[in-house]
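# Structural features, examined
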4 protein chains.
Amino acid sequence: MPMTDLQERIATSFQAQGLMTTLGAELVRVAEGEVHIALPFSERLSQQHGFVHAGAITSILDSACGYAALTKAPPGCEVVTAEFKINLLRPALGDRFLAIGKVQNAGWSLTVCTGEVQAFSGDGSAPKVVALMQATIANLRPPA
Amino acid sequence: MPMTDLQERIATSFQAQGLMTTLGAELVRVAEGEVHIALPFSERLSQQHGFVHAGAITSILDSACGYAALTKAPPGCEVVTAEFKINLLRPALGDRFLAIGKVQNAGWSLTVCTGEVQAFSGDGSAPKVVALMQATIANLRPPA
Amino acid sequence: MPMTDLQERIATSFQAQGLMTTLGAELVRVAEGEVHIALPFSERLSQQHGFVHAGAITSILDSACGYAALTKAPPGCEVVTAEFKINLLRPALGDRFLAIGKVQNAGWSLTVCTGEVQAFSGDGSAPKVVALMQATIANLRPPA
Amino acid sequence: MPMTDLQERIATSFQAQGLMTTLGAELVRVAEGEVHIALPFSERLSQQHGFVHAGAITSILDSACGYAALTKAPPGCEVVTAEFKINLLRPALGDRFLAIGKVQNAGWSLTVCTGEVQAFSGDGSAPKVVALMQATIANLRPPA
């Protein structure tokens, strides 16, 4: 599929994800093998100390990895996350978060992605990596 | 800490998690080494096919494991999720979901939990396990 | 496949694993959805402090999970480990170790297993769980 | 600790790992935050199809990540692997394997590493990545 068609397909799919709207996430980049999703800070996403909850960080990174895998999937395939592992490196403290999912290996049935979430503060300092993911995404072939 | 104090402390902490309110999650059980969190289905939590997004499933299971670890933490400790791994076994399809986090081993600095999310449909059939987690939670000691 | 055929097939496959012989591991139980592999202590398997190396513990548990998955695989399928995650709960200290792999969910293309390694000391005390695994095993179908 | 002392300390520790000798692994590089371990192919390391067993691949990558973490650990600390996750991307087919462990984040008590194993064939073609790891290593402080 040409990249512009893929970008449109992914934008449409993203819009259909109720959770992304509920969290306030935005799809900001779709390239071959790499997808970025941004999330502005909101108290609605907090854990008990006021930082962003690991679950919100995980949600956008899982979506970024899944869509990155979709850019490399065989024509006609859907993708579904089989599993992932995430390390939370430091408190998710910032004004805005950017999840970056990248394909590391695209096989016939499984795609392996890695990803990170960067936290941006409003003061112009360099972003900090708050989470690292390694994920396995399965290709779902259409019924023959 | 006596269990009733712990239950109160965890209920207060849960209430302070903006994300749990945003998702519509409820704390339903706090026992020694085991915590349950429920999540009713909502389109606001969906992925692109209308099932509940892996991120929402993960969020309640991460919280359940974290609070289970807290029930076993040394007095005065806070806990923070260091990392987890989750397998998504089937689409999260149901009226209501129940995340169960259990402590498997509580060490001096790290607690290992396992957890699952069960999906309940409205027709009275047996619940189905839709996700399995293995998580590492770190104890944060108060400054000496 | 009847269980006795499966047991024979797994015993033959186990014998063909050079690494299991090198480590000194033994296949001790094959049941539907559950496989046990034992490993006697040897200095040849140590890490720098004299305990059994995480790599040896992981090797027998990976094999136990893989063969457990094979007992549930569709006829004619081979299996291959796609990924796993392991927590090392305490030093692998003991005379003998037992890896237990169990199928949690067997899907069309992926099987999810959990497993643990128990350490036995010579003094008759209860075994201790030294490791917990959650693994994803892929079914490899024969060419049509 | 100066890098030369660290290199010596890690070389001595590596020599004390019975498993590394049993597998035939060699420590080939120790730099700040990065350690390489090589493993020549041997039938003694095989799984049932003659490829190198995931357990052997995992063993050298776990050691590479652990020693990489040690290069960043506070003075006087020992390190121990708390957990890791590994994806096996393709059969471990080759004459020689190289495990590369890298520190991604070194915290007070936990260090997060990522790593890969590259397979080299004798024909001079580019190496292939056969495994990806994400690991959590704990610092063990000496008793006060």
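Residues numbered from 1 in each chain as written. Chains lettered and ligands numbered in written order. Predicted model: local features only at pLDDT ≥ 70, side-chain atom pairs only at ≥ 80, totals over all residues. Heavy atoms only, no water.

### Things to note about the pattern of salt bridges
If the charged atoms of two oppositely charged side chains come close together, the side chains can form a pair. With the rule as written, the count across this model stands at 20 salt bridges over all chains. With its nearest N and O atoms 2.8 Å apart, the salt bridge here joins Lys-85 of chain A to Glu-83 of chain D. Of the two residues, Lys-85 of chain A sits in strand S3 (residues 78-88) while Glu-83 of chain D sits in strand S3 (residues 78-88), which places them in two different chains. Between Glu-78 of chain C and Arg-9 of chain C there is a salt bridge, and its shortest N-O distance comes to 3.9 Å. (Salt bridge = Lys/Arg side-chain N within 4 Å of Asp/Glu carboxyl O. Helix = DSSP H or I, 4+ residues; strand = E, 2+ residues; numbered from the N terminus.)

### Concerning the packing of aromatic side chains
Applying the stated rule across the entire model yields six aromatic pairs over all chains. Judged by centre distance (6.4 Å) and plane angle (50 degrees), the rings of Phe-14 of chain C and Tyr-67 of chain C are tilted. Here the residue Phe-14 of chain C occupies a position in helix H1 (residues 3-15), and Tyr-67 of chain C occupies one in helix H3 (residues 54-70), the gap between them amounting to 53 residues. Between Phe-84 of chain C and Phe-84 of chain D, the ring centres sit 6.4 Å apart and the planes meet at 55 degrees, which makes this aromatic pair tilted. One end of the pair, Phe-84 of chain C, is in strand S3 (residues 78-88); the other, Phe-84 of chain D, is in strand S3, on a second chain. Judged by relative accessible area, which is 0%, Phe-84 of chain C ranks as buried. One Lys or Arg, Arg-96 of chain B, reaches over the ring of Phe-120 of chain B and ends 5.9 Å from the middle of that ring. (Phe/Tyr/Trp six-rings, centres within 6.5 Å; stacked < 30°, edge-to-face > 60°. Buried < 20%, exposed > 50% of the residue type's maximum accessible area, 1.4 Å probe, protein only. Lys NZ or Arg CZ within 6 Å of the ring centre and 35° of its normal.)

### Some thoughts on the interface of chain D and chain C
Contacts between chain D and chain C engage 33 residues on the former and 33 residues on the latter. Sorting the residues of chain D by area buried against chain C places Leu-19, Gln-48 and His-53 of chain D first, and these three jointly supply 22% of that buried surface. If you look at where chain D meets chain C, you find two salt bridges. Elements supplying a minimum of two residues to the side of chain D that touches chain C: helix H2 (18-23), helix H3 (54-70) and S3 of chain D. Sorting elements by how many residues they give to the side of chain D that touches chain C places S3 of chain D first, with nine residues. In terms of residue class, the side of chain D that touches chain C is made up of twelve nonpolar, 15 polar and six charged. (Contact = heavy atoms within 4.5 Å. Buried area = accessible area lost by both parts, 1.4 Å probe. Nonpolar A, V, L, I, M, F, W, Y, C, P; charged D, E, K, R; others polar.)

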